[in-house]
Amino acid sequence: MPRSTDSSRSVHTIRPVLGPTSTNSPRRRRRPWLAVAAFVALGLLLPGVAAADFWTPESGGSSNADAIDNLYKFVLVIAAVVFFGVEGALFYSLFKFKARKGAVAAQIRGNTRLEIAWTVGAALIVIVIAVATFITLPSIRNPDNSGANGLDLASSGVARGVQVASGPTQKLPPNGKSLNVKVNGQQYLWRFTYPDGDKNTLNNPFSYEELVVPTDTTVTLEIEAQDVAHSWWIPKLGGKFDAIPGSTNYTWFKVPAKLEGKVFRGQCAELCGRNHANMIAQVKAVSPADFEAYIARRKQDTKAADDAAAKQRKEVEAPAADQPAADKTSGPTATPLP
Ligand SMILES: [Cu+2]
């Protein structure tokens, strides 16, 4: 029977491997080291292959996102050194001091110098990470001034006078000027209200889902929600910010001029209901001139829609006022009640 032939052959092929002489062959002893070497090589290769976005936060759209990413990379390198150091020592000891059957383990008790060394070493690592974090934090939290090629926030134009200082929690650029956009999370979309330079906030241009911003311009965001908790997150432009009803969160970003035309995608990062997965958001970076044209177009569109609505209302109301006689003489309303 073919089955018995197979099994007898497999027994013959397994036996030499399990035999006492085979475990001592240099080829088999080298294998664990090969596995460790392959593991280390894979660990070193992966960051390059997967790029930074796998190991560290996405970045590239704004300097504060880059600063967050750099901080993560810094900590990652330290963590990698510690990880490979500890794992390397562990595997080295495992194989180097592997005891054979019947061997009696040496009884070792403490090593004061070694214990002090790894306590001080760990404390030093924490201090280095803390210092690096506190040095980097201002560039993450404090908005930068707009660049020379950004939207002219001080002069005339659609978005003139757009800086808003709305309290101690909102950080403004050193020159106090930013393009301040209100971000409102609602089940299940984002509404963006742009400044328009006048005091009437009811006629401000707005958009849904896509926020259009000028490049090289500091954009500050006031993040709110009108129903449940949402979370604003465009990964390439910085960290997440909760959008909470009754509370305002602030963040900022500045898209470099070279990224004109780029669209940064994100989506609500807080489970906010059954349509949460569709609550997408994107930020489109355009040139300052295109931004002004966009705002002008939004205003025009809103005005056209308002005018059309007013006209429609007039048309709906008009027949009742124009044809009172016709209604009395014919139709169901003319029939007298019994
Ligand atoms: Cu949401």
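Residues numbered from 1 in each chain as written. Predicted model: local features only at pLDDT ≥ 70, side-chain atom pairs only at ≥ 80, totals over all residues.

Draft legend 1. Layout of the overall build of the protein chain. For the protein chain, the count of helices and strands is seven helices and ten strands. Considering the protein chain as a whole, with its 338 residues, one finds that 20% of them fall into the buried category. Of the contacts made within the protein chain by residues no fewer than 6 positions apart, 67% connect residues no fewer than 24 positions apart. (Helix = DSSP H or I, 4+ residues; strand = E, 2+ residues; numbered from the N terminus. Buried ≥ 20, exposed ≤ 12 C-beta atoms within 10 Å, placed from the backbone. Contact = placed C-beta atoms within 7 Å.)

Draft legend 2. Summary view of helix 5 (residues 112–141). For helix 5, built from 30 residues, the straight-helix expectation of 44 Å at 1.5 Å per residue is met to within 8% by its first-to-last C-alpha distance of 43 Å. Across the 30 residues that make up helix 5, only a small minority, zero, are buried. (Expected span 1.5 Å × (residues − 1).)

Draft legend 3. Structural context of the nonpolar core. Core analysis: the biggest nonpolar cluster contains 31 residues, and Val181, Val183, Val213, Val219 and Val283 have the highest contact counts within it. Contributing elements (two or more residues each) for this core: helix 4 (63–96), strand 1 (179–186), strand 2 (189–193), strand 4 (210–214), strand 5 (219–225), strand 8 (249–253), strand 10 (280–286) and helix 6 (288–322). Per element, the largest residue contribution to this core is four residues, and it comes from strand 5. A domain split of this core shows at least three residues from each of domain 1 (29–98 + 111–141) and domain 2 (179–299). (Core = buried A, V, L, I, M, F, W, Y, C linked by C-beta atoms within 7 Å. Domains from an automatic or database assignment.)

Draft legend 4. Highlighting the confidence of the model for the protein chain. Chain-level pLDDT for the protein chain is 81 on average; 77% of the residues reach the 70-or-more range. Here residues 1–23 scores under 50 on pLDDT; set against residues more than four positions off or in separate chains, the count is four contacts. Under a pLDDT of 50 for its full length, residues 326–338 has, in the predicted model, four contacts with residues more than four places off or in other chains. (pLDDT = per-residue confidence, 0-100.)

Draft legend 5. Structural context of the sheet that holds strand 9 (residues 263–267). Across the sheet, three strands lie side by side as 4-10-9; this open sheet has mixed pairing. Here the strands that pair on one side only, and so sit at the sheet edges, are strand 4 and strand 9. Adjacent strand axes in the sheet meet at a mean angle of 20° when their direction is disregarded. Sheet topology note: the strand 4/strand 10 ladder contains five bridges and is parallel. Within strand 10, the position partnered with Val213 by the bridge is Ala285. (Pairing = 2+ DSSP bridges. Axes fitted to C-alpha atoms, helices over the stretch in contact; angles between N-to-C directions.)

Draft legend 6. Spotlight on the packing of helix 4 against helix 5. As a packed pair, helix 4 and helix 5 sit with axes 9 Å apart at the nearest point and diverge in direction by 175°. Classified by the angle between their axes, helix 4 and helix 5 sit roughly antiparallel to one another. Of the residues in helix 5, those in contact with Ser63, Asn64, Ala67, Ile68, Leu71, Phe74, Val75 and Ile78 of helix 4 are Ile125, Ile129, Ala132, Thr133, Thr136, Ser139 and Ile140. (Parallel < 35°, antiparallel > 145°, perpendicular 65-115°, else oblique.)

Draft legend 7. Local environment of the environment of Phe291. Within the secondary structure, Phe291 is located in helix 6. The sequence separation of Phe291 and Leu151 amounts to 140 residues, and the corresponding C-alpha distance is 8.3 Å. Sequence-distant contacts of Phe291, defined by excluding residues within four places in its chain, comprise Leu151, Val212, Val213, Pro214 and Val286.

Draft legend 8. Here's a closer look at the sheet that holds strand 2. Spatially, the five strands line up as an open sheet ordered 3-2-1-5-8, and their pairing is mixed. The open sheet has two edge strands, strand 3 (206–208) and strand 8, and neither has a second partner. The sheet shows a mean angle of 25° between the axes of neighbouring strands, taken without regard to direction. Summarising the sheet, strand 1 and strand 2 pair through five bridges and their orientation is antiparallel. Its bridge partner lying in strand 2, Asn184 is registered against Arg191.

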